[in-house]
Amino acid sequence: MRDFRSERVKNIPPSGIRKFFDIAAEMDDIISLGVGEPDFTTPWIVRERAIQSIEAGKTSYTSNKGIQELCEGIEDYLKSRFGVSYNASDEIIVTAGASGALDIAIRSVVNPGDDVLVADPAYVAYAPGVMLSGGNPVYVPCCSKDRFKLTPDALMESLTPKSKVVLCNFPNNPSGGVMTKEDYKAIADVIVDHDLVLISDEIYSELTYEGEPASAASLPELRDRTILISGFSKAYAMTGWRIGYLCAPPSLCDAALKIQQYVMLSAPTAGQHAAVEALKNGAEARDEMISEYMMRRNLFVKGLNRIGLECHMPNGAFYAFPSVASTGLTDEDFAEGLLRDQHVAVVPGSVFGPSGAGHLRCAYAVSRDDLRTALERIEVFISSLK
Amino acid sequence: MDEKDGLILKILEDNCKTSEQEIADMVDLDATEVAERIAVLEKRGIIRKYTAVIDWDRTGGGQVAAILELKVTPERGFGFDRVAERLARFRQVRSVRLISGVYDLELLVIGTTIHDITGFVAEHVAAIEGIKETGTILIMKTYKENGQMYFDRKEGERLPYSF
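What you see is a predicted model; the values in this text were computed from it and never measured.

Caption draft 1: Representation of the overall build of chain A within the structure. Summing up its helical and strand segments, chain A has 14 helices and 12 strands in all. Rg of the C-alpha trace for chain A: 21 Å, near the compact-globule value of 21 Å for 386 residues, within the 12% margin. With respect to the principal axes defined by its C-alpha atoms, chain A has extents near 60 × 55 × 55 Å. Expressed as a percentage of its 386 residues, the buried residues of chain A come to 58%. By sequence separation, contacts in chain A at least 24 residues apart represent 75% of the contacts at least 6 residues apart. As displayed, chain A offers around 15500 Å² of accessible surface, 51% of which is attributable to carbon and sulfur atoms.

Caption draft 2: Quick peek at empty space enclosed by the protein. Residues and elements named next belong to chain A. Following the criterion strictly, the structure yields three cavities of 30 Å³ or more and no others. Lining the largest cavity we find Y77, E202, I203, S205, E206, S230, G231, F232, A235, Y236 and Y245. Of the residues in the lining of the largest cavity, the class split is six nonpolar, three polar and two charged.

Caption draft 3: Geometry of the packing of aromatic side chains. Residue and element names in this part refer to chain A. Evaluated as defined, the whole model comprises 15 aromatic pairs over all chains. Arranged with centres 5.1 Å apart and planes meeting at 65°, the rings of F318 and Y319 form a pair that is edge-to-face. Looking at Y319, the relative accessible area reads 0%, which means it is buried. Seen from their ring centres, F334 and F381 are 5.0 Å apart, and the 80° between their planes marks the pair as edge-to-face. Taken as a pair, F334 in helix α13 (residues 331–342) and F381 in helix α14 (residues 368–385) lie far apart in primary sequence, 47 residues in all.

Caption draft 4: Examining the interface of chain A and chain B more closely. Counting residues at the interface gives 35 residues for chain A, matched by 17 residues for chain B. Looking at the side of chain A facing chain B, the largest losses of area belong to F21, M295 and R368 of chain A, adding up to 24% of the total buried there. Across the contact surface, chain A and chain B share three salt bridges. Residue D28 of chain B pairs with K302 of chain A through a salt bridge whose shortest N-O separation is 2.5 Å. Where chain A meets chain B, there are 12 residue pairs in polar contact (both at pLDDT 80 or more). When contributions to the side of chain A that touches chain B are tallied by element, the ones reaching two or more residues are α2 (18–25), α12 (283–306) and α14 of chain A. Among the elements that take part in the side of chain A that touches chain B, α12 of chain A stands out by supplying seven residues, more than any other. Among the residues forming the side of chain A that touches chain B, the class breakdown is 20 nonpolar, seven polar and eight charged.

Caption draft 5: View of a nonpolar patch on the surface. All names here are of chain A. There is a patch of nonpolar side chains on the surface, built from Y262, V263 and M264 and spanning about 340 Å² of accessible area. By the secondary structure assignment, M264 is in the loop between α10 (250–263) and α11 (269–281). For M264, a relative accessible area of 37% gives the class partly exposed.

Caption draft 6: Representation of the sheet that holds strand β8 (residues 243–247) of chain A in the model. All names here are of chain A. Reading across from one edge, β2-β8-β7-β6-β5-β3-β4 is the order of the seven strands in this open sheet, with mixed pairing throughout. Because the sheet does not close on itself, it has two edges, and the strands there are β2 (92–96) and β4 (136–141). Strand-to-strand twist of the sheet, defined as the mean angle between neighbouring strand axes without regard to direction, takes the value 20°. Of the strand pairs in this sheet, strand β5 (residues 163–169) and strand β6 (residues 197–201) are connected by five bridges, and their pairing is parallel. In the sheet register, V166 faces β6, and the bridge partner there is L198.

Caption draft 7: Focus on the pairing of strand β2 (residues 93–98) of chain B. All names here are of chain B. Here β2 runs beside strand β3 (residues 105–111); their pairing, made up of five bridges, is antiparallel. Paired with S95 across the two strands is L108, which belongs to β3. Taking the residues that link successive antiparallel strands as the turn, the β2-β3 hairpin has six residues, and the phi of G101 there is positive, at about 110°.

Caption draft 8: Spotlight on the state of the cysteines. This model, assessed by the stated rule, comprises zero disulfides over all chains. Summary of cysteine pairing: C253 of chain A is not part of a disulfide, and the nearest cysteine sulfur, belonging to C247 of chain A, is at 7.6 Å.

Caption draft 9: Highlighting the pattern of salt bridges. All names here are of chain A. A full pass over the atoms with the stated rule returns 34 salt bridges over all chains. Between K19 and E336 there is a salt bridge, with its nearest N and O atoms 3.1 Å apart. On the criterion of sequence distance, the pair formed by K19 in helix α2 and E336 in helix α13 is long-range, its members being 317 residues apart. Across the pair R223 and E91 runs a salt bridge, and its minimum N-O distance is 2.8 Å. Taken as a pair, R223 in helix α9 (residues 220–223) and E91 in the loop between α4 (68–82) and β2 lie far apart in primary sequence, 132 residues in all. Residue R223 shares its accessibility class with E91, and that shared class is buried. Connected through shared salt-bridge partners, D3, R5, E7 and K10 make up one network.

Caption draft 10: Region of the structure containing the layout of surface pockets. Within this model, the second largest pocket holds a volume of roughly 560 Å³. Lining the second largest pocket are 24 residues, with T208, Y209, I290 and M294 of chain A together with E3 of chain B positioned closest to its centre. Of all elements in the fold, only α12 of chain A together with α1 (3–14) and α2 (20–27) of chain B reach the threshold of two or more residues within the lining of the second largest pocket. Counting residues per element, the lining of the second largest pocket draws most heavily on α12 of chain A, which supplies seven residues. Counted by class, the lining of the second largest pocket contains eight nonpolar, five polar and 11 charged residues.

Caption draft 11: Broad picture of α11 of chain A. All names here are of chain A. Taking 1.5 Å per residue as the helical rise, α11 with its 13 residues ought to reach 18 Å, and the 19 Å between its terminal C-alpha atoms agrees with that figure. When we look at burial in α11, the residues that qualify are T269, G271, Q272, H273, A274, A275, V276, E277 and A278. Looking at the buried residues of α11, the elements they touch are α3 (44–55), α4, β2, β8 and α12.

Caption draft 12: Spatial organisation of the nonpolar core. Residues and elements named next belong to chain A. If you look at the biggest cluster of nonpolar residues, it comprises 121 residues, and the most contacted ones within it are L33, L78 and F232. Each residue touching F232, except ones within four places of it in the same chain, is listed here: L70, I74, I203, A237, M238, I243, Y245, A275, A278 and L279. Of all hydrophobic cores here, the second largest spans 24 residues; its members include L150, L159, F170 and L198.

Caption draft 13: Examining the domain arrangement of chain B more closely. Assigned domains of chain B: these are domain 1 (3–43) and domain 2 (56–145). For domain 1 of chain B versus domain 2 of chain B, the distance between C-alpha centres works out to 34 Å.

Quick notes on the rules
- All chains use their own residue numbering, which begins from 1 and follows the written sequence.
- Chain A is the first chain written and ligand 1 is the first ligand written, with later ones labelled in order.
- Reporting in this predicted model follows two pLDDT cut-offs: at least 70 for local features of residues, and 80 or more for side-chain atom pairs to be given and counted; totals over whole chains, interfaces and linings ignore these cut-offs and use all residues.
- Calculated side-chain values reflect all of the structure's heavy atoms, with hydrogen atoms and water omitted.
- For the purposes of this entry, the term helix denotes a DSSP run of H or I that reaches at least four residues, the term strand denotes a run of E that reaches at least two, and both are numbered from the N terminus.
- C-alpha atoms define the radius of gyration in this analysis, and the globule rule sets the expected value at 2.2 Å times the number of residues to the power 0.38.
- When a residue's accessible area, from a 1.4 Å probe over protein chains only, is under 20% of the maximum for its type it is buried; when over 50% it is exposed; and in between it is partly exposed.
- The contact rule is simple, with two residues in contact once any of their heavy atoms fall within 4.5 Å.
- Each accessible area is a Shrake-Rupley estimate made with a 1.4 Å probe; only the visible protein chains count as cover when residues are assessed.
- A cavity here means a set of points on a 1 Å grid, drawn over the protein atoms and nothing else, where a 1.4 Å probe fits but cannot get out; a pocket is an open set with protein on both sides within 12 Å along at least five of seven lines, and a residue lines either one if it has an atom within 4 Å of a point.
- Grid points are joined across faces, edges and corners, and a volume is the space filled by probe spheres set on the points.
- Nonpolar residues are Ala, Val, Leu, Ile, Met, Phe, Trp, Tyr, Cys and Pro. Charged residues are Asp, Glu, Lys and Arg, and all others, Gly as well, are polar.
- Between 30 and 60 degrees the pair is tilted, below 30 it is stacked and above 60 it is edge-to-face, where a pair is any two Phe, Tyr or Trp rings, Trp via its six-membered ring, whose centres lie within 6.5 Å.
- Once two parts are joined, some of their accessible surface, as seen by a 1.4 Å probe, is lost; buried area is that loss totalled over both.
- The rule for a salt bridge is simple: a side-chain nitrogen of Lys or Arg has to be within 4 Å of a carboxyl oxygen of Asp or Glu.
- What qualifies as a polar contact is a pair of N or O atoms within 3.5 Å, subject to a donor-acceptor requirement within protein and to the restriction that residues adjacent in sequence count only when both atoms come from side chains.
- Two joining distances apply to patches: 9 Å for like charges and 5 Å for nonpolar side chains (Val, Leu, Ile, Met, Phe, Trp, Tyr), and every residue must have over 30% relative accessible area and no salt bridge.
- At least two bridges found by DSSP between two strands are what make those strands a pair.
- All axes here are fitted lines through C-alpha atoms, helices being fitted over the stretch that makes contact, and every angle between N-to-C directions spans 0 to 180 degrees.
- Note that a disulfide, as used here, is simply two cysteine sulfur atoms within 2.5 Å.
- Between the first and last residue of a helix there are one fewer steps than residues, each counted as 1.5 Å, and that sum is the expected span.
- Residues belong to one nonpolar core when they are buried, are Ala, Val, Leu, Ile, Met, Phe, Trp, Tyr or Cys, and are joined through side-chain atoms within 4.5 Å.
- For the purposes of this description, domain bounds are those given by an automatic or database domain assignment.

Take a look at the structure:
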């Protein structure tokens, strides 16, 4: 029999984290800081609304772009919260999570052979997503000394003749780095001068702790060459509902909608109704969760520095990204040792790209009790290395 | 009162046993500053008491609780205050509130048996001058108190790793 797998799928390297799953599966007292999702359950008011929608028989497909009420809700929300203007009628698509938006965004713009500049470290799906479209991911390093921001210099240095797309995610998974409006302004010139399109994944934007959350699309010079991606998973603790959205000027939005129409049809219906409620009445619960994340961040990052793992204070998302340089171990060896000896799960930074090497991604979306215990165990592990 | 005080109060309301050092880390102050702020909040009567939320039903012994609704004739110059404060002095009375609607005051009353409560209402509450009418509602089961659920909830579990 032939090998039926496509070349593109074969070219995607296996996930570096697979073996960690297997080790973790054997343990029952594990504290996992490896989870990229909120530990909160979706606010009850949102769940209740979804139940009502199911009881009312709202169980069919929706329009490809999502129910009108939700698109309008997103339009209002983006305007009031981020100063970004998208028209619900032809510039917004509700997708199956931000991942669904990412997929159709990449496929809308990437031709085989195009180079896609990916701000590194990056969410693990970016490079494979680009490769599935036949594009080449080119990593643009975001360094610890720049607090993991994307700088115009790094972008310039990484440019290639085939560059077409910039793909970035701020607040950043895994580093917690954040771009302010000024930071976006600084890269806007490079993007405009080289006629690039920006895919800006802002799924964590609500989780910005100091200063106002910023959107790349709020800059007029970027707005018409930007595909904005966001969703409800992180801010409203709605990961399992799979509701995200994509916003773009009409021609790009129309291209993305073409793919959605033939691939996903529409985002899950009950989830769309839940999302309407989240926008209407979920702000209080959302802000309470964000305030809790901020306090956990302070608790955990101060604790890390106290026990000797140097860590910058991340201004967004719910990840601490300490350096393991002081221990002399690689991030992978540290993460594996910590899991085996102390049953604490973290993700080695190199999983997220070359610039993540030497760091650990620790999600502090766990209870304060667990953070306290994790710190104690990490301290024991570090002492055992001496 | 500033934003940090607000955060300190929320942390203590959730768990008043949280250490000063831990609070300090969370709100980005040092432990001495936190202690000083808490002292001020206590002095100003913003923090009234440190207490535990106890599900007495689970102790087996338990106690009986009732909501007591009262119609009261307000007094010139004092309104409902004097009657309310008088009622509040009874140790059986756990809370006293002035409410809108048909009744004027709402009390939470506890006792060891139902007879304790009915006796208390008849002999002590109803006899107070100005109280025109009482309505006693027996509490049969508590599901949530002070923001705490009294029933066990099994929420969904997360995978050990996700990106």
